[in-house]
Amino acid sequence: MFGRGACKVETQQDGSAKRLPFPSEFFWEGADGSRLLAIHMTHWYNNAQRFSADPNKAEKLANSIENSFEGIAATPYLLLMNGVDHLEAQDDILSVLKELRSRGIKIQQMRMDEYISAVKKYIYEESIPLEEHRGELRSGNDGDILKGTLSSRIYLKQWNVLLQDRLEHQLEPLYSMLALTAGEKAYPQQQFRYMWKELIKNHPHDSICGCSRDEVHKHMEDNFERLDEMSRDMLRRGMQLAAEHIALVDDNTDNYGILIANPTTEKRSDIVRITIDFPQSEACEGFILLDPNGQEVPFHVLSRREALHDVFSPLNLPGNIPVDRYDIEFSVKDMPGLCFRAYTIIKSPVSCAISAVTEREVSAAVLENKYLRITVDQNGQVDVLHKSSNRFLQDCLDWEDTADRGDSYIYRGGGHSALYGHQFPAELTMYADPMKPSVRIRRVMRLPVAYDFQARQRSAETVECPVMLTLSLGDDSPVAELSYVIENHAADHRLRLLVRTEAIADQSAADVPFDVLWHTDAEHYPDTDSKVLPNTSFAALETASGGTAVLTTGQHEYEHKDNLLAITVLRATGVINRDPVTLNPTGGEQWDCPANQCLRTLSGRMGLYLFEGKLLQSVLQEALKFRTPLASLFFAADSHKLAGGRPAVQDTTIAEYYYLPDPFPALRLQSDKPIIELDMDPGVIMTAFKLANCRGGCVLRLLNLNESDAAASVNADGMISRTTLSEETDTPTSDKRFTLGKKKLVTLRIQ
């Protein structure tokens, strides 16, 4: 049952849209071929919001509603939705219905499941033919779809992506890896349930859509921040548990280690930055870094300073240790998926050179690795060469700012001319990081201070809005990172990052939960003011030989124009709802939301990925890696060395440090040994790896995004069973290779 996203429309000669009748019952077919009875609330979910106690008025309303279903209802069961958001239940509804029945009207109160059962029974027993609709239900005008909620208060979407990804793609796999090696007690199931509940508190539709009052969204930010603290601590605890049970290549207790965890299924090569501490009492002059095979690993020391290492113990008082603190970076090479890797730090008498990150103003800049060559000229024009395919993106990044005279729900541009970043001077700053250099392009855009709703034009008065776009390119990365900072001082506008590709495409692709969809211009409503589309983690243009993808981290709104992808990074409006004709707010002060003007500093990151071959071969994997960093932890081989704190008794003759016993003394982890080995066809991804909700073990869920069957091989220590999404029934199997139907999910239990 649903209300939005289903309509039929006919485009008139003048370009306007004529709505056609749409049935209240039809069959919907999912991407995987599954078929459901769909009930469309054609006249919305409050078509019988309240009946009058006056029998004549109540009868008139009932008859009016019945007539409204003429020609669209397939059964005699008409759905009357009594009530609506924010209203109390009608307390006299039963007596009103009784009176209506006495007047010969067949009407009664039913539960939803009773109503659906009655409709199903009638359709199947009477063999009623129904229309069939397939795939996404996003048809309708701007008021039907409320597409502007994709970009209203984008900072909330960014928070949500960060934390949901951390839970789903980092913490759950990390602790599942521990549970399959140490036992299920290593998986803190109750803490996970609590964190998910805290996250879901921010998911009511008006909340996460950014279209409620300012107070609601202020509380959301606080909730996100608390969950951020909680989930970071959970990550630290899980990594610490693993670090205490993994072997170093040299087991001397004077050594230290760096633990890396790859919670994704993909082999990874990435740059890790980490802080390491040596107690000053050890007088460490320098150190070397060894991989699990004993081979020395190059690294760069970015800084060295004296500091205090704080120690918080569950059994001793808080304390601190004077340390020599180093910030270093090094490259993790070819790390298998779903495994841990321990690097050994051995002290050396040879001091380490400092390779500090320097910055300087430049007139032009070049970033280059084995995949890409990026040039930035004095005007801030960015050109990108994809080396293996020789594809060239010229002048591929720009800012676009337009008026927004809409509201929290809907963008309304009004047809005014746009302002572009290239119209304002560029200042270039080069950051010489040894392994991931970057260049910042800073512009001060002068934007209209607001929209003049009386004159129906952007104000003549302007205000400075600095925008900074930083391009970074790691040694081993095929993805160019695009990070931005926007100091927004203007109201009533929309700011987008424009990404120009090398080829014009007639369709774009983007992922949504459990699918990848291709969109064409023809699917938009005829008179829409904004042809924007949703994405979960990427939007892409694909040609016969490859394509260009923009990897996103909460920037869920994009638009495709010829060879251009426009990604919304800011939408500023000041009211929840505005009349589209008069442009006046539809309510009083209660409907004002000045904080939705986003007069604040906003930041974010995206990735530019030029790919070869088909999109499903690599884009989803790169998007996941972009949003899911390798986890890292510095630790001492002697787990007590940095964990003591202060003793409760100051008398040195009886002072003692206390330590918790090892809850998993038999646990032994090996570097680069995957906890589960997966070999999946292109287009097959892991959507979940977590402790089962019931019946024990861990659940591994795989999804086939292809339009045809695909396969995946699964190797793990333990018994594998096929189970259902609800985990209610299991079928043990000795198979290691599984066939997934098109767009199908497969759920496995591993014990």
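Here we summarise the structure given alongside this text. Treat the numbers as computed from the prediction; the structure is a model and nothing was measured.

What counts and how
- Residues numbered from 1 in each chain as written.
- Predicted model: local features only at pLDDT ≥ 70, side-chain atom pairs only at ≥ 80, totals over all residues.
- Heavy atoms only, no water.
- Axes fitted to C-alpha atoms, helices over the stretch in contact; angles between N-to-C directions.
- Helix = DSSP H or I, 4+ residues; strand = E, 2+ residues; numbered from the N terminus.
- Parallel < 35°, antiparallel > 145°, perpendicular 65-115°, else oblique.
- Left-handed = near helix turned anticlockwise from the far one by under 90°.
- Contact = heavy atoms within 4.5 Å.
- Expected span 1.5 Å × (residues − 1).
- Bend = angle between axes of the 7 residues up to and from the residue.
- Buried < 20%, exposed > 50% of the residue type's maximum accessible area, 1.4 Å probe, protein only.
- Lys, Arg positive; Asp, Glu negative; His and termini not counted.
- Salt bridge = Lys/Arg side-chain N within 4 Å of Asp/Glu carboxyl O.
- Polar contact = N/O pair within 3.5 Å; in protein donor to acceptor, adjacent residues only side chain to side chain.
- Pairing = 2+ DSSP bridges.
- Patch = residues over 30% accessible without salt bridge, like charges linked within 9 Å, V, L, I, M, F, W, Y side chains within 5 Å.
- Areas by Shrake-Rupley, 256 points an atom, 1.4 Å probe, with all protein chains shown as cover.
- Nonpolar A, V, L, I, M, F, W, Y, C, P; charged D, E, K, R; others polar.
- 1 Å grid on protein atoms, 1.4 Å probe; cavity = no way out; pocket = protein on both sides within 12 Å on 5 of 7 lines; lining within 4 Å.
- Points joined across faces, edges and corners; volume = space filled by probe spheres on them.

So, on to the packing of helix α6 (residues 189-200) against helix α8 (residues 214-243). Running from N to C, α6 and α8 point in directions that differ by 155°, and their axes come no closer than 10 Å. Considering the angle they form, α6 stands roughly antiparallel to α8. Here the hand of the crossing between α6 and α8 comes out left-handed. On α8, the residues that touch Gln191, Tyr194, Met195, Glu198 and Leu199 of α6 are Asn223, Phe224, Arg226, Leu227, Met230, Ser231 and Met234.

Under the 1.5 Å per step criterion, the end-to-end length of helix α5 (residues 154-182) is 40 Å for 29 residues, consistent within 8% with the ideal 42 Å. Along its length, α5 shows its largest kink, about 35°, at Arg166. A large share of α5 lies buried, amounting to 22 of its 29 residues. Taken from the residues just after α5, Gly183 is the one with a positive phi, measuring 110°.

Here we come to the side chain of Glu25. Tracing the sequence through the fold places Glu25 in strand β3 (residues 25-29). Despite its burial, Glu25 pairs with no opposite charge, the nearest such side chain being Lys8 at 12 Å. For Glu25, the side chain forms a polar contact with the side chain of Ser24, separated by 3.0 Å. Within the local environment of Glu25, its side chain forms a polar contact with the backbone nitrogen of Ala74, the two atoms lying 2.7 Å apart. Those residues in contact with Glu25, other than ones at most four positions away along the chain, are Ala38, Ile72, Ala73, Ala74, Thr75, Tyr77, Tyr115, Val119, Ile123 and Leu130.

Take the environment of Leu97 next. Structurally, the position occupied by Leu97 is in helix α2 (residues 93-102). Given a relative accessible area of 6%, Leu97 falls into the buried group. With sequence-adjacent residues up to four places away left out, Leu97 is seen in contact with Ile107, Gln108 and Gln109.

Spatially, the four strands line up as an open sheet ordered β8-β11-β6-β34, and their pairing is antiparallel. Strands at the two margins of the open sheet, each flanked by one partner only, are β8 (286-290) and β34 (631-636). Averaged over all adjacent pairs, the angle separating strand axes in this sheet is 25°, with direction ignored. With seven bridges joining them, strand β6 (residues 256-262) and strand β11 (residues 339-348) adopt antiparallel strand pairing. Within β11, the position partnered with Tyr256 by the bridge is Ile345. Packing of α5 onto the sheet brings it into contact with β6, β11 and β34, and relative to β11 it is tilted by some 85°. The strands touched by α8 are β6, β11 and β34; relative to β34, the strand with the most contacts, the crossing angle is about 55°.

This part takes up the pairing of strand β4 (residues 35-39). As paired elements, β3 and β4 share five bridges and run antiparallel to each other. Of the residues in β4, the one forming a bridge with Glu25 is Ile39. Hairpin remark: β3 followed by β4, antiparallel, with five residues in the connecting loop; positive phi at Gly33, about 95°.

What follows deals with a nonpolar patch on the surface. On the surface, Leu315, Tyr658 and Leu660 cluster together to form a nonpolar patch covering roughly 300 Å² of accessible area. Positionally, Leu660 belongs in the loop between β34 and β35 (676-680).

Let us now look at the pattern of salt bridges. Tallying each qualifying case throughout the model produces 50 salt bridges. Here Arg19 ties to Asp144 by a salt bridge, and the two come within 2.8 Å at their closest N and O atoms. One end of the pair, Arg19, is in strand β2 (residues 17-20); the other, Asp144, is in helix α4 (residues 142-145), with 125 residues separating them in the sequence. Here Asp144 falls in the partly exposed class, since its relative accessible area comes to 22%. Taking the shortest distance from any N to any O, the salt bridge between Arg695 and Asp730 comes out at 3.8 Å. Of the two residues, Arg695 sits in the loop between β36 (684-691) and β37 (698-704) while Asp730 sits in strand β40 (residues 730-733), which places them 35 residues apart along the sequence. Overlapping salt bridges bring together Glu198, Lys201, Asp222 and Arg226 as one network.

It is at 11 Å that the axes of α5 and α6 come closest, and there the two elements cross at 165°. One way to sum up the angle between α5 and α6 is to call them roughly antiparallel. Along this stretch, α5 crosses α6, giving a crossing that reads as left-handed. For the pair α5 and α6, contact is made by Asn160, Leu163, Gln164, Leu167, Glu168, Leu171, Glu172 and Tyr175 and by Phe192, Met195, Trp196 and Leu199, respectively. Tallied by class, the residues present in the contact of α5 with α6 amount to eight nonpolar, two polar and two charged.

As a further point, take empty space enclosed by the protein. As enumerated under the stated definition, the model contains six cavities of 30 Å³ or more in all. A volume near 80 Å³ is recorded for the largest cavity. As for the largest cavity, its lining consists of 16 residues, and the residues nearest its centre are His40, Met41, Phe69, Leu79 and Tyr115. Estimates place the volume of the second largest cavity at around 60 Å³. Elements that contribute at least two residues to the lining of the second largest cavity include exactly β17 (397-403) and β20 (438-448). Considering each element in turn, the lining of the second largest cavity owes the most residues, three residues, to β17. Residue composition of the lining of the second largest cavity, by class: five nonpolar, one polar and two charged.

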